[in-house]
Structures are given as structure tokens and as C-alpha cells.
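So the chains spell out like this:
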Amino acid sequence: MTLRDATEADLPAIVEIHNAAIASRISTAQLDPVRVEERHDWFRAHSPHQYPLWVAQIDNAIAGWLSFREFLPRQAYRGTAELSVYVRENFRRRGIGRRLLQAAIARAPQLNLHTLVGLIFAQNQPSIELFRTVGFERWGLLPGVARIDYQARDLAIFGRPV
Ligand SMILES: CC(C)(COP(=O)(O)OP(=O)(O)OC[C@H]1O[C@@H](n2cnc3c(N)ncnc32)[C@H](O)[C@@H]1OP(=O)(O)O)[C@@H](O)C(=O)NCCC(=O)NCCS
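A few points on the structure. On a predicted model such as this, the values are computed, not experimentally measured, just so you know. (Residues numbered from 1 in each chain as written. Predicted model: local features only at pLDDT ≥ 70, side-chain atom pairs only at ≥ 80, totals over all residues. Heavy atoms only, no water.)

A few words now on the packing of helix H3 (residues 96-107) against helix H4 (residues 125-133). At their nearest, the axes of H3 and H4 sit 10 Å apart, and the two run at 50° to each other. Between H3 and H4, the interaxial angle falls into the category oblique. H4 is crossed by H3, and the crossing has right-handed handedness. Contacts from Gly97, Arg98 and Leu101 in H3 reach Leu130, Phe131 and Thr133 in H4. Class assignment for the residues of the contact of H3 with H4 results in three nonpolar, two polar and one charged. (Axes fitted to C-alpha atoms, helices over the stretch in contact; angles between N-to-C directions. Helix = DSSP H or I, 4+ residues; strand = E, 2+ residues; numbered from the N terminus. Parallel < 35°, antiparallel > 145°, perpendicular 65-115°, else oblique. Left-handed = near helix turned anticlockwise from the far one by under 90°. Contact = heavy atoms within 4.5 Å. Nonpolar A, V, L, I, M, F, W, Y, C, P; charged D, E, K, R; others polar.)

Moving on, we get to the site of the ligand. Around the ligand, a shell composed of 18 residues is seen, among which Val85, Val87, Arg93, Gly95 and Asn124 lie nearest. At a separation of 2.8 Å, an oxygen atom of the ligand approaches a polar backbone atom of Arg93. Out of a free accessible area of 920 Å², the ligand has 81% covered by protein chains. When contributions to the shell around the ligand are tallied by element, the ones reaching two or more residues are strand S4 (80-87), H3 and H4. (Near = heavy atom within 4 Å. Polar contact = N/O pair within 3.5 Å; in protein donor to acceptor, adjacent residues only side chain to side chain. Areas by Shrake-Rupley, 256 points an atom, 1.4 Å probe, with all protein chains shown as cover.)

The next thing to look at is the nonpolar core. Of all hydrophobic cores here, the largest spans 28 residues; its most connected members are Leu66, Phe68, Leu83, Leu101, Leu116 and Phe136. Elements that contribute at least two residues to this core include exactly strand S2 (53-58), strand S3 (61-70), S4, H3, strand S5 (115-121), H4 and strand S7 (151-161). Here this core takes five residues from H3, the largest share from any one element. In contact with Leu101, other than residues within four places in its own chain, are Leu66, Leu83, Val85, Leu130, Phe131 and Val134. Counting residues in each nonpolar core, the second largest holds 16 residues, with Ala6, Ile17, Trp42 and Tyr86 among its members. (Core = buried A, V, L, I, M, F, W, Y, C linked by side-chain atoms within 4.5 Å. Buried < 20%, exposed > 50% of the residue type's maximum accessible area, 1.4 Å probe, protein only.)

The buried fraction of S3 is high, at seven of 10 residues. Strand direction decides the pairing type here: S2 and S3, joined by six bridges, are antiparallel. Paired with Ile58 across the strands is Ala61, a residue of S3. Where S2 folds back onto S3 in an antiparallel hairpin, the turn is made up of two residues, including Asp59, whose phi is positive at roughly 50°. Pairing of S3 with S4 involves seven bridges; the strand directions are antiparallel. Along S4, the bridge assignment pairs Trp65 with Tyr86. (Pairing = 2+ DSSP bridges.)

Encoded structure:
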């Protein structure tokens, strides 16, 4: 498996993986499928030196991706970033999510980050377990802040210093 910075040519695969997770209803607050054309600005908001976007490639397949993004816009939060990680269904439970998160933790100091967070729906057990395996702890719970298909969802905040 190779972990590398994503290129714009990876965007269709990234979007495909994202859309499969959107359909699961437990992974993301994005509810409607996204189109590649809508994601170019999101893609360009990443940079290898500030908020990287990485893909995990196995042979010719994009098996998963990880993104860093700004946690909150005010200056005092500059050293904190939010991570999102997505793995294609047929590549799950092979350690890809863990490898991506471990790489993010290892890279964080070079990105001038001191803290990483994951904002995870409380019923997203696979993601919660994954973040826990690499040392994240639950720092908070925002009860009922999201509505998915008319159901209230709690948002858990997982974090770790790096
Ligand atoms: C969460 C997700 C990224 C995990 O990726 P993955 O590559 O399958 O995870 P890994 O194989 O690296 O798993 C590492 C550990 O996490 C935990 N874990 C992963 N999936 C799990 C599951 N379905 N149930 C329970 N624990 C799980 C286990 O402890 C696992 O270690 P083990 O396989 O040795 O038991 C993947 O399920 C996914 O893409 N889900 C949809 C997207 C999503 O919800 N992303 C999170 C939003 S931030």
C-alpha cells in the first residue's frame, strides 16, 4: 500500500468512496451524494504543507483517503486540525484506516499542529473504534445536534494531542 498526496485525477475515486459512506447514513453530515464537479474547490483547499489530502493506493485502486481541515477559523485554533478518513468498503478491516491515521499523527508536528480531532456521529462505531486504536479519546458529546432522516444524532468529539 502506498500513501501519497492526492492529485486532482484521484478526485473521482475520492468522491465515489465518499458517496458510498454518505449512503450509509452514519458516517457524515453530508446527506446528498456529491458530484466530482462540486468538489474541486474542496480539493484545492488542501495543500501538502498545510491541510493535506492523502490517498491510500493498492495496485491501481484508491482504497481510501484522509483529509486534514481547519478545525475552527479563529487564530487560536490554528494548531488544531480535524481529520476525516474513508476506506472503500471492499478494503475495510485490513488496517488501511489505521495506517492513514497513524501517518496523520506522525506528520502533524511538521504541519505545526499540536492537536488532532475527529468529529464522529456517536453511532459510528467503526470510526470510533478506529480512532480509539490510535490513541484518540472522547473529549465531548454534542447531543442531538444533527438530524438525519428526521432522527436526532449525537456528535462525539474525539481528540488527541500530538
Ligand atoms: C471507519 C473506517 C474508516 C475504518 O477503516 P478500516 O480501514 O476498515 O479500519 P482498520 O482496518 O484500519 O481498523 C483498525 C481498527 O479499527 C477498529 N474497527 C474498524 N472497523 C471496525 C468495525 N466495523 N467495527 C468495530 N471496530 C472496527 C478495529 O479496532 C480495527 O482493528 P482490528 O481490525 O485489528 O480489530 C471505515 O469503516 C469507513 O470508511 N467507514 C465509513 C466512513 C466513515 O465513517 N469515516 C469516519 C468519518 S470521520
